[in-house]
Amino acid sequence: MKLEFNTVCVVGLGYIGLPTAAILASRGVDVIGLEVNPHVIETINKGDIHIVEPGLDVVVRTAVASKKLRATKTPETADAYLIAVPTPFKGDHVPDISYVESAAKALAPVLKKGDLIVLESTSPVGTTDAMAGWLKEARPDLTFACEGEESCDVFLAYCPERVLPGHVLRELIENDRVIGGINAQSADKAQKLYKTFVEGDCIITNARTAEMVKLTENSFRDVNIAFANELSFLCDKFDINVWELIQLANRHPRVKILQPGPGVGGHCISVDPWFLVHQAPEQARLIHTARKVNDSKPHFVLEKVHAVAEKFKNPVVAFFGLAFKANIDDLRESPALDIVEHYSAKKVGTVLAVEPYVESLPKKLIDSGVQLTDVEAAIQKADILVLLVDHDQFKKVDKKKFEGKAVIDTRGIWR
Ligand code: SAJ
């Protein structure tokens, strides 16, 4: 089969870039991974991976062994470029697009007529337009279309990633993709690139809409989780079991409430809605409030633990789970970790942590004397059991062993 894109350069070999690069390579494309971290380059070129994602090790190993994927720190010419670099905060919830800017500027010298650049990083609305501006400045000899302009030498598009950690390889192939071209030609070209590995629909729109789609998806989820967390505050006040309440309300054919928890973590849902709040504070009022509701939940849980601990002389508290959600090892922006850090900093009694997905505790917890232990030992030793993450291992515990102990269950699996 003749490929439309023989060589694709993926910029940023992280949680999104690396799986995408490896899948493209598995489809016969020559993939160059452009990466700034020398350790990541070395690891990938050995056929290993630096992140945890089921099945990814095999796909990367095969791609590297077949010489279809290699990592480098020097930009090289390709037919298409896919940018998947981080867009974190700088300071107070202000999106930092400097990595996108650096990536665009790094690619500028190697661009040629007919190339395609797709931005995948979650970005404020207008970032693809801004990228066109940086590129125009760096390469006045080439034309980069802006919104509405039809002809161009280099095609630009925005296509948000939407894969769920833990299911990345399947979702990269199966999920529908929204492809926002900076003009119609760019969208068509980008659609062809995604069709080389996406089995879902590749739907075309403009770049600004595609940028907003990504922010909308994660804000939608955040607002809905905030509703569930708000119900947990109300139920605490009214002494009602929130899990039973939600189960019953969800029997209505048009009600589908999500689950409360210790707060919202990860590097997406707890971050992306702020991009909208920052860009349009007067319009994004509900989204802003949802962020505040979800961000207040760890403090609420902490207060509960302190209130129970005060009843004991030298309380032994066991926290179950540190990850930001169930069945993964990712501790980034984890409300569970935040809760354990704050509690253990007070140095009251003994603090145990159970996290089957890590081999050692983060330094901050070690420094505060937290001990990593297994499920059985924690249940046996602790006066207070605090469930923070609904890992499958925790669902299986025998609740009869909880007798005489105080239980705080933030996920509703031990009720
Ligand atoms: N959570 C709850 N209650 C729920 C569901 C989730 O408290 O009912 C919490 C989780 O425990 C976790 C946080 O929310 O702390 C986020 O978890 P998640 O599973 O909702 O989402 P992520 O961050 O793993 O992945 C999300 C996904 N976006 C949506 O579902 C709209 C994924 O598709 C995106 O690709 C990803 O963000 C991203 O990279 O943007």
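Rules used in this analysis
- Residues numbered from 1 in each chain as written.
- Predicted model: local features only at pLDDT ≥ 70, side-chain atom pairs only at ≥ 80, totals over all residues.
- Heavy atoms only, no water.
- Helix = DSSP H or I, 4+ residues; strand = E, 2+ residues; numbered from the N terminus.
- Rg over C-alpha atoms; globule rule 2.2 N^0.38 Å.
- Buried < 20%, exposed > 50% of the residue type's maximum accessible area, 1.4 Å probe, protein only.
- Contact = heavy atoms within 4.5 Å.
- Areas by Shrake-Rupley, 256 points an atom, 1.4 Å probe, with all protein chains shown as cover.
- Lys, Arg positive; Asp, Glu negative; His and termini not counted.
- Charge placed at Lys NZ, Arg CZ, Asp CG, Glu CD.
- Expected span 1.5 Å × (residues − 1).
- Arc of directions from axis to C-beta.
- Core = buried A, V, L, I, M, F, W, Y, C linked by side-chain atoms within 4.5 Å.
- Near = heavy atom within 4 Å.
- Nonpolar A, V, L, I, M, F, W, Y, C, P; charged D, E, K, R; others polar.
- Domains from an automatic or database assignment.
- Pairing = 2+ DSSP bridges.
- Axes fitted to C-alpha atoms, helices over the stretch in contact; angles between N-to-C directions.
- Salt bridge = Lys/Arg side-chain N within 4 Å of Asp/Glu carboxyl O.
- Polar contact = N/O pair within 3.5 Å; in protein donor to acceptor, adjacent residues only side chain to side chain.
- 1 Å grid on protein atoms, 1.4 Å probe; cavity = no way out; pocket = protein on both sides within 12 Å on 5 of 7 lines; lining within 4 Å.
- Points joined across faces, edges and corners; volume = space filled by probe spheres on them.

Chemist: Help me understand the overall build of the chain, please; the structure alone is not making it clear to me.
Modeler: When its secondary structure is counted, the chain shows 15 helices and 15 strands. Relative to the 2.2 N^0.38 estimate, which gives 22 Å for 415 residues, the radius of gyration of the chain is 24 Å and therefore close to what a compact globule would have. By its C-alpha atoms, the chain is 75 × 50 × 40 Å across when sized along the principal axes. When burial is assessed residue by residue, the chain has 52% of its 415 residues classed as buried. For the chain, the share of sequence-separated contacts (at least 6 apart) that also reach a separation of at least 24 residues comes to 69%. When the accessible area of the chain is evaluated, it comes to approximately 19300 Å², of which 54% is carbon and sulfur surface. Placing the 49 positive and 56 negative side-chain charges of the chain at their respective mean positions leaves the two points 3 Å apart.

Chemist: What exactly am I supposed to notice about unusual backbone geometry here?
Modeler: Excluding glycine, most residues fall at negative phi; most peptide bonds, likewise, are trans. Within the chain, Asp239 stands out as a residue other than glycine whose phi angle is a positive 55 degrees. Mapping Asp239 onto the fold places it in the loop between helix H8 (207–238) and helix H9 (242–249). Phi angles above zero are rare outside glycine, and Lys347 is one such case at about 50 degrees. Locating Lys347 in the fold gives a position in the loop between helix H12 (335–345) and strand E12 (350–354).

Chemist: Help me understand helix H5 (residues 127–138) in this model?
Modeler: In an α-helix, one turn spans 3.6 residues; hence positions three or four apart end up facing the same way. Across its 12 residues, H5 extends 17 Å between first and last C-alpha, which sits within 8% of the 16 Å expected from 1.5 Å per residue. If you check which residues of H5 are buried, you get Thr127, Thr128, Met131, Ala132, Trp134 and Leu135. One side of H5 holds all its buried residues, which, seen down the axis, span an arc of 165 degrees. Buried-residue contacts for H5 involve strand E4 (80–83), helix H4 (98–107), strand E7 (116–119), strand E8 (155–158) and H8.

Chemist: How should I be thinking about the nonpolar core in this particular structure?
Modeler: The tendency in soluble globular proteins is for nonpolar side chains to be buried as a group. Ranked by size, the top nonpolar core spans 76 residues in total, and within it Leu69 and Met131 carry the most contacts. Top contributing element to this core by residue count: helix H1 (residues 17–26), with 6 residues. When residues no more than four places from it in sequence are discounted, the contact partners of Met131 are Ile83, Val100, Ala104, Ile117, Leu119 and Leu156. Counting 28 residues, the second-largest nonpolar core is a separate cluster that includes Tyr343, Val351, Ala353 and Ile384.

Chemist: Help me out: how do you make sense of the site of the ligand in this one?
Modeler: Lining the immediate surroundings of the ligand are 21 residues, of which Glu161, Lys214, Arg221, Gln259 and Phe324 lie closest. Notes on the ligand: free accessible area 770 Å², of which the protein chains cover 88%. The biggest single contributor to the shell around the ligand is H8, with 5 residues. Residue composition of the shell around the ligand, grouped by class: 9 nonpolar, 4 polar and 8 charged. Looking at which domains feed residues into the shell around the ligand, each of domain 1 (7–200) and domain 2 (216–409) gives three or more.

Chemist: Can you walk me through the sheet that holds strand E15 (residues 406–409) in this structure?
Modeler: The pairing of strands in a sheet happens through backbone hydrogen bonds and is either parallel or antiparallel. Sheet architecture is open: 5 strands sit in the order E13-E12-E11-E14-E15, paired in parallel fashion. Both edges of this open sheet fall to strand E13 (371–372) and E15, since each of them pairs with a single strand only. Relative to E12, strand E11 (residues 316–320) runs parallel, the two sharing 5 bridges. If you follow Phe320 over to E12, its bridge partner there is Val354. Running at roughly 175 degrees to E15, helix H11 (residues 285–309) makes contact with E11, strand E14 (384–387) and E15 of the sheet. In this fold H12 packs onto E11 and E12, with an angle of close to 165 degrees to the strand it touches most, E11.

Chemist: Which parts of the structure should I look at to understand the side chain of Lys189?
Modeler: Residue placement: Lys189 occurs in helix H7 (residues 184–194). Of the buried charged residues, Lys189 lacks a salt bridge, with Glu4 as the closest side chain of opposite charge at 4.5 Å. Among the polar contacts listed, one links the side chain of Lys189 to the backbone oxygen of Gly114, at a separation of 3.4 Å. Once residues within four sequence positions are removed from consideration, Lys189 is found in contact with Phe5, Gly114, Leu116 and Phe155.

Chemist: What's the story with the layout of surface pockets in this structure? I'm lost.
Modeler: By rolling a water-sized probe across the atoms, one finds the places where empty space is left. Taken as a whole, the second largest pocket holds about 560 Å³ of empty space. If you go around the second largest pocket, you meet 21 residues; those closest to its centre are Asp236, Trp243, Lys304, Ile408 and Asp409. Examining the composition of the lining of the second largest pocket, we find that 5 residues originate from one element, H11, more than from any other. For the lining of the second largest pocket, the class distribution of residues is 11 nonpolar, 4 polar and 6 charged.

Chemist: Can you help me understand the sheet that holds strand E9 (residues 177–181) in this one?
Modeler: Ordered by their spatial adjacency, 8 strands build an open sheet running E3-E2-E1-E4-E7-E8-E9-E10, and the pairing between neighbours is mixed. Strands with a single pairing partner mark the edges of an open sheet, and in this sheet they are strand E3 (69–72) and strand E10 (202–206). Adjacent strand axes in the sheet meet at a mean angle of 25 degrees when their direction is disregarded. Strand direction decides the pairing type here: strand E1 (residues 7–11) and strand E2 (residues 30–34), joined by 5 bridges, are parallel. Note that in E2 the partner of Val8 across the bridge is Val31. Docked against the sheet, H4 engages E1, E2, E4 and E7, running at close to 165 degrees with respect to E4.

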